[in-house]
Amino acid sequence: MPTLTVFDRSPDEGKGLARDMRVRWALEEVGQPYNVRLISFQAMKEPAHLALHPFGQIPTYEEGGLVLFETGSIIFHIAQQHEGLLPADAPARARAITWMFAALNTMEPPILDLTIARIIEAKMPWAQERLPLVMDRARVRLGQLSARLEDGEWLDGAFSAGDLLMVSVLLRFRIPGLLEEYPNLAAYVARGEARPAYQRAFAAQLAINAPTT
Ligand code: GTB
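Each chain has its residues counted from 1, following the order in which its sequence is written. A pLDDT threshold of at least 70 governs which residues receive local features in this predicted model, and a stricter bar of 80 or more applies before side-chain atom pairs are shown or counted, although totals over entire chains, interfaces and linings include all residues. As a rule here, side-chain values come from all non-hydrogen atoms in the structure, and water together with hydrogens is ignored.

1. A closer look at the pairing of strand S4 (residues 66–69)
Strand residues, when the strand is regular, have side chains that alternate between the two faces of the sheet.
Here is step 1: Note that strand S3 (residues 60–63) and S4 share four bridges and pair antiparallel. Its bridge partner lying in S4, threonine 60 is registered against phenylalanine 69. Between any two strands, pairing holds if DSSP finds at least two bridges. Going along the chain from the N terminus, every DSSP run of H or I of four or more residues is numbered as a helix, and every run of E of two or more is numbered as a strand.

Right, here's the structure in full:
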């Protein structure tokens, strides 16, 4: 059974925004049970964890002697081992993998910039000037994705690992209030969240991270 390392207490208090959530979701989609090992921020930077993850982050994925980090790689590995996350047809499979990369390389950077601008740089004297620029750059990508999706259910035919990663990334645009500006993307994310596998994964991380008081 694979083991994931996850925050012992996620800063989002169980909103499912930390990156273990997407790996949990993938494992639930394919029906693969898993263990979790809880880890503190401090322990993430210590040699035992750095041996698993060179950047001192979560999640990691251990399966027998195999150790993986980077959620894209972990989910690709899961999708290759099990049916249900990538189509069998070679061109459709290549397109689904392309959407995995698009989620991580094209859609995730603007949300990371936005998180930095909203939280880490919030007290800088120039923060109020910079934030609208970062928001507008995020809107460019959201608008392009929205135009491609149109009224489609998923990005390319049946639900795939590309959708799983795209929905996981788009979820983080909800708190800054951008997701709702694109009703088809908001509906797409809601379809992802409604999947039973997503619900099981969400409940599992909430059980660890929900505020106690
Ligand atoms: N590219 C890597 C991957 O996809 O696996 C990125 C991994 C990563 O950023 N991990 C974060 C981490 O370990 C946790 S998910 N951070 C600790 C560190 O770098 O020291 C990022 C995250 C954290 C918290 C929230 N939140 O509270 O809403 C959302 C996302």
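2. Points about helix H9 (residues 196–209)
Here is step 1: Multiplying 1.5 Å by the helix residue count minus one yields the expected span of that helix. Its 14 residues give H9 an end-to-end C-alpha distance of 20 Å, which sits within 8% of 20 Å, the value for a rise of 1.5 Å per residue.
Here is step 2: Here the term buried applies to any residue with accessible area under 20% of the maximum for its type, exposed to any over 50%, and partly exposed to those in between, with areas from a 1.4 Å probe on protein chains only. For H9, the full list of buried residues reads Ala197, Tyr198, Ala201, Gln205 and Asn209. Seen along its axis, H9 keeps its buried residues to an arc of 100 degrees; they face one direction. In H9, the exposed positions that point more than 90 degrees away from the buried face belong to Pro196 and Ala207. In this description, the arc belongs to the directions extending from the helix axis to the C-beta atoms.

3. Quick word on helix H5 (residues 90–120)
Here is step 1: Here H5 contains 31 residues, and its C-alpha end-to-end distance of 42 Å stays within 8% of the 45 Å for a straight helix at 1.5 Å per residue.
Here is step 2: At glutamate 108, H5 shows its strongest bend, of approximately 45 degrees, with the proline proline 109 following within four residues.
Here is step 3: Those residues of H5 not exposed but buried are Ala92, Ala96, Trp99, Met100, Ala102, Ala103, Met107, Glu108, Pro110, Ile111, Leu114 and Ala117.
Here is step 4: Any pair of residues with heavy atoms lying within 4.5 Å of one another is described as a contacting pair. Tucked inside the fold, the buried residues of H5 contact helix H1 (20–30), helix H4 (71–81), helix H6 (127–149) and helix H7 (161–170).
Here is step 5: Regarding H5, its N-cap is aspartate 89, as a side-chain oxygen of that residue lies 3.1 Å from the backbone nitrogen of alanine 92 further along. The seven residues ending at a residue and the seven starting there each receive a fitted axis; the angle between those axes is the bend at that residue. Counting of polar contacts relies on pairs of N or O atoms within 3.5 Å, with two restrictions inside protein: one atom must be capable of donating a hydrogen and the other of accepting it, and residues adjacent in sequence are counted only when both atoms are side-chain atoms.

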